[in-house]
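Overview (structure and organization)
Residues per chain are reported as follows:
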Amino acid sequence: MTAIGDGKGILTFRQHQFPVAIGANGTRSDKSEGDSATPLGLLPLRRVFYRADRLARPRTSLPCEPLAPHDGWCDDPRHRDYNRFVTLPHDARCENLWRDDHSYDLIAVLGWNDDPPVPGRGSAIFLHLPTTSGVTEGCIALPEAQWRTLLADGMAAIEVRPAT
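The structure reproduced in this document is the subject of the present report. (Residues numbered from 1 in each chain as written. Predicted model: local features only at pLDDT ≥ 70, side-chain atom pairs only at ≥ 80, totals over all residues. Heavy atoms only, no water.)

1. A look at the overall build of the protein chain
Along the backbone of the protein chain there are 1 helix and 14 strands. Against the 2.2 N^0.38 benchmark of 15 Å for 164 residues, the protein chain shows a C-alpha radius of gyration of 15 Å, consistent with a compact globule. Judged by the C-alpha coordinates and their principal axes, the protein chain covers about 45 × 35 × 30 Å. Of the contacts formed within the protein chain by residues at least 6 apart in sequence, a portion of 57% connects residues at least 24 apart. Carbon and sulfur atoms provide 49% of the accessible area of the protein chain, an area that totals close to 7,900 Å². (Helix = DSSP H or I, 4+ residues; strand = E, 2+ residues; numbered from the N terminus. Rg over C-alpha atoms; globule rule 2.2 N^0.38 Å. Contact = heavy atoms within 4.5 Å. Areas by Shrake-Rupley, 256 points an atom, 1.4 Å probe, with all protein chains shown as cover.)

2. Quick look at the pairing of strand S8 (residues 71-74)
Every second residue of S8 is oriented toward a common face, with Asp71 and Trp73 on one face and Gly72 and Cys74 on the other, all of them buried. Pairing geometry for S8 and strand S9 (residues 85-87), over 3 bridges, is antiparallel. Paired with glycine 72 across the bridge in S9 is valine 86. (Buried < 20%, exposed > 50% of the residue type's maximum accessible area, 1.4 Å probe, protein only. Pairing = 2+ DSSP bridges.)

3. What about the nonpolar core?
One finds Leu45, Leu127, Trp147 and Ile158 to be the most contacted residues of the largest nonpolar core, which totals 27 residues. If you list the elements that add at least two residues to this core, you get strand S2 (8-13), strand S3 (16-21), strand S6 (41-50), strand S11 (106-110), helix H1 (144-152) and strand S14 (157-160). Counting 10 residues, the second largest nonpolar core, distinct from the first, contains Leu97, Tyr104, Ile107 and Val109. (Core = buried A, V, L, I, M, F, W, Y, C linked by side-chain atoms within 4.5 Å.)

4. Notes on the layout of surface pockets
Estimates place the volume of the largest pocket at around 370 Å³. What lines the largest pocket is a set of 21 residues, and nearest its centre among them are Glu95, Tyr104, Glu137, Gly138 and Cys139. Of the residues assigned to the lining of the largest pocket, the class counts are 5 nonpolar, 10 polar and 6 charged. (1 Å grid on protein atoms, 1.4 Å probe; cavity = no way out; pocket = protein on both sides within 12 Å on 5 of 7 lines; lining within 4 Å. Points joined across faces, edges and corners; volume = space filled by probe spheres on them. Nonpolar A, V, L, I, M, F, W, Y, C, P; charged D, E, K, R; others polar.)

5. A closer look at the sheet that holds S9
Here we have 3 strands laid out as an open sheet, ordered S9-S8-S10, and antiparallel in their pairing. The open sheet has two edge strands, S9 and strand S10 (94-96), and neither has a second partner. Across the sheet, the mean angle separating the axes of adjacent strands is 40 degrees when strand polarity is ignored. (Axes fitted to C-alpha atoms, helices over the stretch in contact; angles between N-to-C directions.)

6. Side note on the pattern of salt bridges
The final tally for this structure, using the stated rule, is 13 salt bridges. We note a salt bridge from arginine 28 to aspartate 30, for which the minimum N-O separation is 2.9 Å. Here lysine 31 and aspartate 35 are joined by a salt bridge, their closest N and O atoms 2.6 Å apart. When sorted by exposure, lysine 31 lands in the same class as aspartate 35, which is buried. Residues joined by salt bridges that share partners form a network here, namely Arg28, Asp30, Lys31 and Asp35. (Salt bridge = Lys/Arg side-chain N within 4 Å of Asp/Glu carboxyl O.)

7. Regarding unusual backbone geometry
Note that the residue after leucine 88, namely proline 89, is joined by a cis bond; omega there is 0 degrees. Relative to the helices and strands, proline 89 resides in the loop between S9 and S10. The omega torsion of the bond from aspartate 115 to proline 116 falls at -5 degrees, within 30 degrees of zero and hence cis. Secondary-structure assignment places proline 116 in the loop between S11 and strand S12 (126-128). The phi dihedral of arginine 14 is positive, around 50 degrees, even though this residue is not glycine. Structurally, arginine 14 is set in the loop between S2 and S3.

Structural data, given as structure tokens:
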């Protein structure tokens with residue numbers, strides 16, 4: 001994927017090329033928690049979650065499971081569960097993965113700052129459906145049809161590169 005700025009990028013995979021939304025503050029090689037930037041680098045797709053009450057299971061070779069109302073992601077850099085899947089309620093600040101909007105109806109956890117997590121280096125970096133704002137807080141977003149095409153075609157990682 002090539003980031004082209006202004007919260008937009010182009011995701012290229014095999015014969016596919018799709019516009020995507022990225023972080024409101026573009027991309028950064030020195031990503032930090034809360035900077036609204038998408039990290040530069042190779043981001044493997046770790047696993048896929050989907051809202052089974054809203055969507056059919058995607059066709060993918062990646063680990064895939066339905067979300068539940070108590071699923072969350074810890075984004076508190078002071079907590080031992082930082083940048084990890086958690087069950088809500090939780091004793092740290094966490095993002096709820098079961099959202100009222102549709103942006104997390106289909107998400108993939110992207111491999112950023114997770115092996116092991118470094119406090120403050122950024123968390124909850126996902127590939128997800130578009131938001132109403134047209135930008136993300138550091139994730140990558142694209143429409144469901146394109147998302148499903150990429151999963152079915154075996155996409156396993158996204159390399160975020162600066163615009164050339």
